[in-house]
Amino acid sequence: MKIAFIYDTAFPWVTGGAERRIYEIGSRLAKRGHDVHVFSLGYWMLDDKYKYQESIRYEGITYHSVGKPVDLYTDDNSRSIREALYFARKVFTKANLEDFDIVDCQGFPYFSCFSSKFKTMRNKPELVITLHEVWNDYWYEYLGKKGFFGKIVEKGIFHLTDNFICVSELTKNNLLKNHKPSNIEIIANGVNIRDITYIDPSDKFSDIIFAGRLIPEKHVELLIKAMRIVVDKHPFAKCYIIGEGPAEYDLKKSVKAHKLESNIIFEGFYEDQNELYSVMKSSSVFVLPSEREGFGIVVIEANACGLPVITLNSPMNAAKDLVTHDNGFVVNYNPQNLAQLIEYYIGDGLNRQVRANCRNYAKNFDWESITSKTEDYYYKILKY
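Residues numbered from 1 in each chain as written. Predicted model: local features only at pLDDT ≥ 70, side-chain atom pairs only at ≥ 80, totals over all residues. Heavy atoms only, no water.

(A) Expanded view of the pairing of strand E12 (residues 285-288). Burial along E12 is two-sided: Val285 and Val287 and Phe286 and Leu288, pointing in opposite directions, are all buried. Where strand E9 (residues 208-211) and E12 come together, 2 bridges link them in parallel fashion. In the strand pairing of E12, Ile208 is matched with Val285. Pairing of E12 with strand E14 (residues 309-312) involves 3 bridges; the strand directions are parallel. (Buried < 20%, exposed > 50% of the residue type's maximum accessible area, 1.4 Å probe, protein only. Helix = DSSP H or I, 4+ residues; strand = E, 2+ residues; numbered from the N terminus. Pairing = 2+ DSSP bridges.)

(B) Main features of the sheet that holds strand E2 (residues 35-41). Reading across the sheet, the 8 strands line up as E3-E4-E2-E1-E5-E6-E7-E8 and stay open at both edges, with mixed pairing between neighbours. Sheet topology places strand E3 (55-58) and strand E8 (183-186) at the edges, where each strand pairs with a single neighbour. Strand-to-strand, the axes of this sheet are offset by a mean angle of 20 degrees, without reference to chain direction. Relative to strand E5 (residues 102-106), strand E1 (residues 2-6) runs parallel, the two being bridged by 4 bridges. When the bridges of E5 are listed, Ile3 appears paired with Ile102. Those strands touched by helix H6 (residues 169-176) are strand E6 (126-131), strand E7 (163-166) and E8, and its axis lies near 155 degrees from that of E8. (Axes fitted to C-alpha atoms, helices over the stretch in contact; angles between N-to-C directions. Contact = heavy atoms within 4.5 Å.)

(C) Quick look at the pairing of E14. The side-chain alternation of E14 yields two buried faces, one formed by Val309 and Thr311 and the other by Ile310 and Leu312. Pairing analysis gives 4 bridges linking E14 to strand E16 (residues 328-331), with the strands arranged parallel. Counterpart to Val309 in the pairing with E16 is Gly328.

(D) A look at the layout of surface pockets. The calculated volume of the second largest pocket comes to roughly 240 Å³. What lines the second largest pocket is a set of 16 residues, among which Ile81, Tyr110, Phe111, Trp139 and Leu143 lie closest to the centre. Elements with a minimum of two residues in the lining of the second largest pocket: helix H2 (81-94), helix H4 (138-143) and helix H5 (147-157). For the lining of the second largest pocket, the per-class residue count stands at 12 nonpolar, 2 polar and 2 charged. (1 Å grid on protein atoms, 1.4 Å probe; cavity = no way out; pocket = protein on both sides within 12 Å on 5 of 7 lines; lining within 4 Å. Points joined across faces, edges and corners; volume = space filled by probe spheres on them. Nonpolar A, V, L, I, M, F, W, Y, C, P; charged D, E, K, R; others polar.)

(E) View of the sheet that holds E12. Read across the sheet, 6 strands follow the order E11-E10-E9-E12-E14-E16 without closing on themselves; strand pairing throughout is parallel. For this open sheet the edge positions go to strand E11 (264-266) and E16, each flanked by a neighbour on one side alone. Ignoring which end each strand starts from, the neighbouring axes of this sheet average 20 degrees apart. Taken together, the 3 bridges between strand E10 (residues 239-242) and E11 define a ladder with parallel strand orientation. In the sheet register, Tyr240 faces E11, and the bridge partner there is Ile265. Across the sheet, helix H8 (residues 220-233) lies against E9, E10, E11, E12 and E14, angled at about 165 degrees from E9, the strand it touches most. Its contacts with the sheet place helix H10 (residues 273-281) against E9, E10 and E12, and it is angled at close to 155 degrees to E9.

(F) Looking closely at the packing of helix H11 (residues 297-304) against helix H13 (residues 352-362). The interhelical angle for the contact between H11 and H13, taken along N-to-C directions, is 130 degrees, at an axis separation of 7 Å. Judged by the inter-axis angle, H11 sits oblique to H13. Viewed along their axes, H11 and H13 form a crossing whose handedness is left-handed. Residues Ile300, Asn303 and Ala304 of H11 form the contact with H13, whose participating residues are Cys358, Arg359, Tyr361 and Ala362. For the contact of H11 with H13, the per-class residue count stands at 5 nonpolar, 1 polar and 1 charged. (Parallel < 35°, antiparallel > 145°, perpendicular 65-115°, else oblique. Left-handed = near helix turned anticlockwise from the far one by under 90°.)

(G) Highlighting empty space enclosed by the protein. In the structure shown here, the tally under the stated rule is 3 cavities of 30 Å³ or more. If you add up the space inside the largest cavity, you get close to 50 Å³. Every residue lining the largest cavity is listed: Phe5, Arg21, Ile22, Ile25, Asp104, Gln106, Thr130, Ile165, Thr374 and Tyr378. Estimates place the volume of the second largest cavity at around 40 Å³. Residue lining of the second largest cavity: Thr9, Ala10, Phe11, Glu19, Ile22, Tyr23, Val38 and Tyr63, and that is the complete set. Here the element with the most residues in the lining of the second largest cavity is helix H1 (residues 17-31); it accounts for 3 residues. Residues that form the lining of the second largest cavity fall into these classes: 6 nonpolar, 1 polar and 1 charged.

The following block contains the structure:
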């Protein structure tokens, strides 16, 4: 099969759940003999190694730049509509999709789905839309009255094709509230179980760890408030916040205001994903206080490292559906309750059974099996 993935950013130059999914599935499909391409904004061209190279070959995938990288977020920390429109226009004018069998467009940021539909109409490669989230009325919470337009655009993509992949049950259910496509399948995100198994723990021990983009909806401020309570009983408790983003300045300001500079360390994103796994293995609990996750791949990554996860009880947080009493806890937005759970995990350290439960759960999400499900789904569409 000749397969094209459409998304505005690309891993490893930009880290995120959708970027990593495309890379992990795409590189494995390429190893299986498929011709895999990614049409994206050329973030790799910011790297000196690939400067001025509009098309590159990386890990078996051919990456095509349809335009220069631009800012993804506005000054108020919301996703840039201008960037989304820019990428959609570039897909429309520069992406050559004529001779592909499958064009898999990521549902967000929406406008590129319309461009992809138009580009697949002439020679009729099959259009698949992969949905990481469906927001419905959450648009009003995110954009206020302007959310009406976001909701209309989101609904519009549901009528572009009958082929939908949803990464979680929550996303599928939210889709079905709007439209009932004939070919919908849940194919979750995954982890590299074999690679993670053989990574050694880091010598940088931490009690608590968070990893992700520093944006308001991740609610890292809740973790900071909880840490203020935790250090009263555990004055040497250490928390690593691994990530970058528009909320970083305010979060660092909050840490300073709470006098937690010696307890909370900002690390930035690691260039090597294995370094993150190594630090996870040297930690006691992973905290994901996010109100909105389309899947929550970091939950499975933490579990694969033997690390339990505490996440937020929010209707738009699909990560909460990945957490049970065997591999973590779900908590309401309450610093005191979060602090108590953190103290539960760091008080006496993790026992072997807890770590084993987490690892066993993560085995259900190995990228190899996720790739096989995706490959079978494509074959079913093409009736091979």
